[in-house]
Structure formats: C-alpha cells, structure tokens
Amino acid sequence: MPSPSQTPSVPAAAALSAAPAASPVSSPVSSLVSSPLAEPVVEVRGLWTVFGTGAKAFAVHQDLDLTVQRGEILALVGGSGTGKTVLLRQMLGLAQPTRGSVTVLGRPAAEMGREGAASRVGMLFQQGALFSAFDVLGNVGFALQELGTLPAALVRDAALVKLQMVGLQPAHATRMPADLSGGMVKRVALARALVMDPPLLLLDEPTAGLDPNSSDEFCALLRALHQSLGLTVVMVTHDLDTLFALSTRVAVLADKKVIVTGAPREVVHFAHPFVREFFGGERGRRALLALPEDAPATPSFPQEA
Ligand SMILES: Nc1ncnc2c1ncn2[C@@H]1O[C@H](COP(=O)(O)OP(=O)(O)OP(=O)(O)O)[C@@H](O)[C@H]1O
Ligand SMILES: [Mg+2]
C-alpha cells in the first residue's frame, strides 16, 4: 500500500472548496438496468475523503457516487492505494467521510455503532485479521460474546452453526489461528463476519493469497451463501478469476471516483487506461473467454427472497 506521501497531495481546504455543493451522479457510463423493485442497500453520495492536514493533506475520494442494490455482488476494482479499503471501512462505519454521505440500509454508516454495524454489515478484512489469542470458536462468536447479553452456551452454538455454514467441522472449533491453512483462515473470518446474520457482506480481497483450488472453493462457497442467505455483497478484488466467477456488476475506482459501473462484459470495453491495463492483459482475456454466455449482465438475485 502506498504511503500518503506517494499519493498526489491536495491541500484539504483547497480540495474541499473545489467540491460542488450538490453532487450529481457523474459516472459517464452506467449500465445497471433500473428495476422498479431495485432497493439500494448502500448509497454513497458526493463522498470526499481527505487525509492529513495543511500541506500534507491529500484527497483519496473526490465527489464519489456509488449505489449498491439488494442482491448484487458488486466487484470494486481500482489500482493500489485508490481508496477501496477506505471505502469499505466507511460502509462499515469504521471510517468517516470528510464530506458527503455513506448510507447503509437508509442510515448513515457512521451512526450504526458497533453492535448495529455487526448486525447490518459483515466484513472480511484484507489481511484475514483473526484474533491470534482466541481459538476458532472464540473468533467466530466474538461479536455475540461482546454483546454481553447472551449465555455462553448460546454463543457457542451460534458459532458452531456458522462454522458448519462455511464448511468447517466442529473439530476445528478449538484450533488456534496459527494452526489453520490459508483457506481455513478465510472461512473462519467469513463465519465471524456472518455471525449476526448481516444482510450486507463486504469482502476485501477474499481470495488473495489462496492457491487456485482453494480460491475456486472459496468462490463456490461465497456464491452458495449469497444465494442461500440472500446477501448483498461488495467485493474488492484484484483477481480476475474471482471477479468473473462472482460479480453481477463491476464498479471501477479511478481518478478518485467511480468512473464506470456495469456488467463485467461491458465494463471491460470502457475506454480508460486503468480498465485497459486491468482487463486487457492475457489473464483478462482468458478469464473473459471462460465466462459462460449466460453470465448475468444485471443483478440476478431474486428481489423477494
Ligand atoms: N487512516 C488513514 N490515515 C491516513 N492515510 C490513510 C488512512 N487510511 C488509508 N490511508 C491512505 O489512503 C489511501 C488509500 O488506502 P486504501 O487502503 O483504501 O487503498 P486500497 O485501494 O485498498 O489499496 P490496495 O489495493 O493496495 O489494498 C492510501 O494512500 C493510504 O495510505
Ligand atoms: Mg485495500
């Protein structure tokens, strides 16, 4: 991840004074077919994120707009340091917008509080981020335990159910994070993110560091859970196989905003240097060729599930 000094510096005051008061949706291309049943789960409007102060201030997002509809698996792609993780953290309420709004299920994300956040949004962090001092069950049940209102036996049972849901055995419950394979760490982190049955799941590089087989298995698990739990998913990924395997729509983050959204097949043709570089290489062409003809061009999740 680049340090702040590697990012173009924009004095905060100047950057913000240049921001228009009202922020129209400015994506030059958006191919999401609007449905009368479409229901926004995440709405980002006129988002500015500025870090640092004075001469060292720099803007990561400038007037960024994004809507995520219920049932989508939206892939968020962009170069390293373009603010993808920051945007997910803002959806989780862990980071504040400098200006503009990030709304989840109709409420400002920053006002959800910790418990509210866990029951509305689950996040699989970029680095796995299990608590190394807790065993698997302690990690999965953490948010429920934190509530302080549930008997230990209930927390344990709920955590065991989630472990099973992600394909792990009860025998794994007492293992420590250091004794797990990379694929198992991802599964435990996923079980932890889902422990309070949130309708929105945020995935930050879910298959990074996995071998191709484990990566395919994890994609299959995510696809199955998306369907069976009726999840809305926002997924940051650099991995084209994961992107084409899972996403119903792609949003490209470049030039500090979302420059285009659309079905994977369409976005690959958008004229922008990042899009060309990201999708245009050999891996991009291979992944696109492997895409089934009937791959979803628009959100396919049943609206009334
Ligand atoms: N709390 C913070 N304070 C100052 N700068 C920050 C903070 N959080 C993130 N940044 C900076 O914001 C920029 C965007 O960071 P972010 O982690 O969102 O990038 P990213 O798009 O997720 O990159 P990658 O693909 O490498 O994970 C980086 O320059 C980062 O150093
Ligand atoms: Mg990141």
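Located above this text is the structure these notes cover.
Every value quoted in this text rests on a predicted model; they were computed, and no experiment measured them.

A. Quick look at the sheet that holds strand E5 (residues 99-104). Spatially, E3-E2-E5-E6 is the arrangement adopted by the four strands of the open sheet, whose pairing is antiparallel. What marks the edges here is a single partner per strand, and that holds for strand E3 (58-69) and strand E6 (107-108). Alignment of strand E2 (residues 40-51) against E3, held across eight bridges, turns out to be antiparallel. Pairing of Thr49 across the sheet is with His61, part of E3. Those strands touched by helix H2 (residues 84-92) are E2, E3 and E5, and its axis lies near 60° from that of E5.

B. Region of interest: the packing of helix H7 (residues 182-193) against helix H8 (residues 212-229). Orientation of H7 relative to H8, taken along the N-to-C sense of each, is 20°, at an axis distance of 10 Å. As far as their axial angle goes, H8 and H7 are roughly parallel. The handedness of the crossing between H7 and H8 is right-handed. On H8, the residues that touch Gly182, Gly183 and Lys186 of H7 are Ser214, Glu217 and Phe218. Across the contact of H7 with H8, the residue classes break down as one nonpolar, three polar and two charged.

C. How the structure looks around unusual backbone geometry. Within the chain, Asp63 stands out as a residue other than glycine whose phi angle is a positive 60°. Classification of Asp63 as partly exposed rests on a count of 19 C-beta atoms within 10 Å.

D. A look at the environment of Ala159. Mapped onto the secondary structure, Ala159 falls in helix H6 (residues 152-165). In sequence terms Ala159 and Gly138 are 21 residues apart; their C-alpha atoms lie 8.3 Å from each other. In contact with Ala159, other than residues within four places in its own chain, are Leu137, Val140, Gly141 and Val195.

E. Representation of the pairing of E5. Sheet topology places E2 next to E5; five bridges connect them, and they run antiparallel. Bridged to Arg45 within E5 is Ser101. Judged from the two bridges that link them, E5 and E6 form a sheet pairing that is antiparallel. Counterpart to Thr103 in the pairing with E6 is Pro108. Hairpin remark: E5 followed by E6, antiparallel, with two residues in the connecting loop; positive phi at Leu105, about 50°.

Each value, and the rule that gives it
- Residues numbered from 1 in each chain as written.
- Chains lettered and ligands numbered in written order.
- Predicted model: local features only at pLDDT ≥ 70, side-chain atom pairs only at ≥ 80, totals over all residues.
- Pairing = 2+ DSSP bridges.
- Helix = DSSP H or I, 4+ residues; strand = E, 2+ residues; numbered from the N terminus.
- Contact = placed C-beta atoms within 7 Å.
- Axes fitted to C-alpha atoms, helices over the stretch in contact; angles between N-to-C directions.
- Parallel < 35°, antiparallel > 145°, perpendicular 65-115°, else oblique.
- Left-handed = near helix turned anticlockwise from the far one by under 90°.
- Nonpolar A, V, L, I, M, F, W, Y, C, P; charged D, E, K, R; others polar.
- Buried ≥ 20, exposed ≤ 12 C-beta atoms within 10 Å, placed from the backbone.

All we've got here are geometric facts, nothing functional implied.
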